[in-house]
Each structure stands twice: as structure tokens, then as C-alpha cells.
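# Breakdown of the fold
Spelled out from the first residue to the last, the chains are:
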Amino acid sequence: MGLTHFDEEGKAVMVDVTNKEDTVREAAATGKIQVSPEVYEAIRNGTVGKGDVLGVASTAGIMGAKRTSELIPMCHILPLTNCRVRFEMAPEESTIYCYCTVKTTGKTGVEMEALTGVSVALLTIYDMCKALDKSMEIGEIYLCRKTGGKSGEIRNENHQNTARKAKELHLW
């Protein structure tokens, strides 16, 4: 399968999905932010000066997923029918895992929306906690699974621990 975002002259284009069938499409993505033990405890205990970090990050992730087409030039504008952002606290690692699941019925998938939702949620955690620690690390953002369309169901099981947790959260 070749790259679809280029025309015959090699110029970037939006893919024409006019003739594709509408199908139910869902995607789940994950990522993590590693913080200091002090920041982790402040988030867990709700003592970060800017407020409820995970509540705000969840809302930001949903907003980011909804606005993906404004950020990624060749993404289609999609009417999302569902978006959910969840977090798992891992105290032994001082890490917060983020999971974003997005759903629509349409002609193209929602992988970019799920990835954007995770990214924006994690960036929001960083923003709300940066006064406490600027050495936080965001990483391992990737697609867990997608369904719908011509390619059907795709699962990414490259990261065993995160894949296990994604299954527990019914992301696949």
C-alpha cells in the first residue's frame, strides 16, 4: 500500500474519501508522563495549585481529539460520536498512563483523534505541574487498536505492559 497523501507530482493532498462507505470506526491510543515522586503525590492528593489536574487533562484531551483537523493539515473534519480519556496511576514508577478512545461513524478513521487526545491530555498535565517540576517526561504515545474501514481491526501489542492494561480497560 502506497502513501495516499501525495498526488502524482509529489504534492501533499487531502485523501478523497467521497466514495468510501460509512462504517463505525473506533481507535484507542495511549501514552504516559513520568513525574517526580513529589509531583505524583500532589496530583494524587489533589494539592496542585492549579486544581484537579486529571479532571482538566481529561477535558483537554477530549477537546484536542475534537479539534484534530485544525492541528493536522490533511486530517478530515469528523463528527465524533464518543471520546473518553482515562488515566492509570502507577505509583511505583511515578508515572501516569493516559488512554483515549474515540468513535465515529464515517468514511475515515479516528486514529489521529485518539493520538491527539492522549497528547493534549499529557501536555495539560505537564502545563499544570510545570511550576513544581520541569523535568517531567512525556513518551510512548502510540495507537493501541483501531476498528472499521477497509483494514478492519488492527491491534498494536508492541508494549506488553501497556497492551495488558489496555485490555483490562476494554480498549480492545
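Refer to the preceding data block for the structure.
Described in the following lines is the structure provided in the data block. Because the structure is a prediction, the values reported are computed rather than measured.

## So, the side chain of Ser36
- Examined against the element boundaries, Ser36 turns out to sit in the loop between strand S1 (23-34) and helix H1 (37-45).
- Dropping the residues within four chain positions of it, Ser36 is found in contact with Ser94 and Asp133.

## Here's the deal with the sheet that holds S1
- One open sheet accounts for five strands, arranged S2-S3-S1-S4-S5; its pairing is antiparallel. If you trace the sheet from one side to the other, it starts and ends with strand S2 (82-90) and strand S5 (154-155), each paired once.
- By the bridge criterion, eight bridges tie S1 to strand S4 (residues 137-147) in an arrangement that is antiparallel. Among the inter-strand pairings, Ala29 is bridged to a residue of S4, identified as Leu143.
- Each of S2 and strand S3 (95-106) is contacted by H1, which is oriented at about 125° to S2, the strand it contacts most.
- Contacting S2 and S3, helix H2 (residues 53-66) crosses the sheet at an angle of about 145° to S2.

## Side note on helix H4 (residues 111-129)
- With 19 residues, H4 extends 28 Å from end C-alpha to end C-alpha; this agrees with the ideal 27 Å at 1.5 Å per step.
- Burial in H4 covers these residues: Glu113, Ala114, Leu115, Thr116, Gly117, Val118, Ala121, Leu122, Thr124, Ile125, Met128 and Cys129.

## What to know about the pairing of S3
- With 10 of 12 residues buried, S3 lies mostly within the body of the structure.
- Strand direction decides the pairing type here: S2 and S3, joined by nine bridges, are antiparallel. Looking at the pairing, Arg84 lines up with Thr101 of S3.
- In sequence, S2 turns back onto S3 through a hairpin of four residues, with Ser94 there showing a positive phi of about 50°.

## Details of the nonpolar core
- Core analysis: the largest hydrophobic core is formed by 30 residues, its most contacted members being Ile33, Ile43, Val53, Ile96, Val102, Ile125 and Cys129.
- Looking at this core, the elements that each hand over two or more residues are S1, H1, H2, S2, S3 and H4.
- Here this core takes eight residues from H4, the largest share from any one element.
- Once you skip the residues sitting within four places of it in the chain, Val53 turns out to touch Ile43, Val48, Ile125, Met128 and Cys129.

## Some remarks on the pairing of S4
- As judged from the two bridges shared by S4 and S5, these two strands associate in the antiparallel manner. Paired with Arg145 across the strands is Arg155, a residue of S5.
- Following S4, the chain reverses through six residues before pairing antiparallel with S5; Gly148 in that reversal takes a positive phi of roughly 95°.

Definitions and limits used
Residues numbered from 1 in each chain as written. Predicted model: local features only at pLDDT ≥ 70, side-chain atom pairs only at ≥ 80, totals over all residues. Heavy atoms only, no water. Helix = DSSP H or I, 4+ residues; strand = E, 2+ residues; numbered from the N terminus. Contact = heavy atoms within 4.5 Å. Pairing = 2+ DSSP bridges. Axes fitted to C-alpha atoms, helices over the stretch in contact; angles between N-to-C directions. Expected span 1.5 Å × (residues − 1). Buried < 20%, exposed > 50% of the residue type's maximum accessible area, 1.4 Å probe, protein only. Core = buried A, V, L, I, M, F, W, Y, C linked by side-chain atoms within 4.5 Å.

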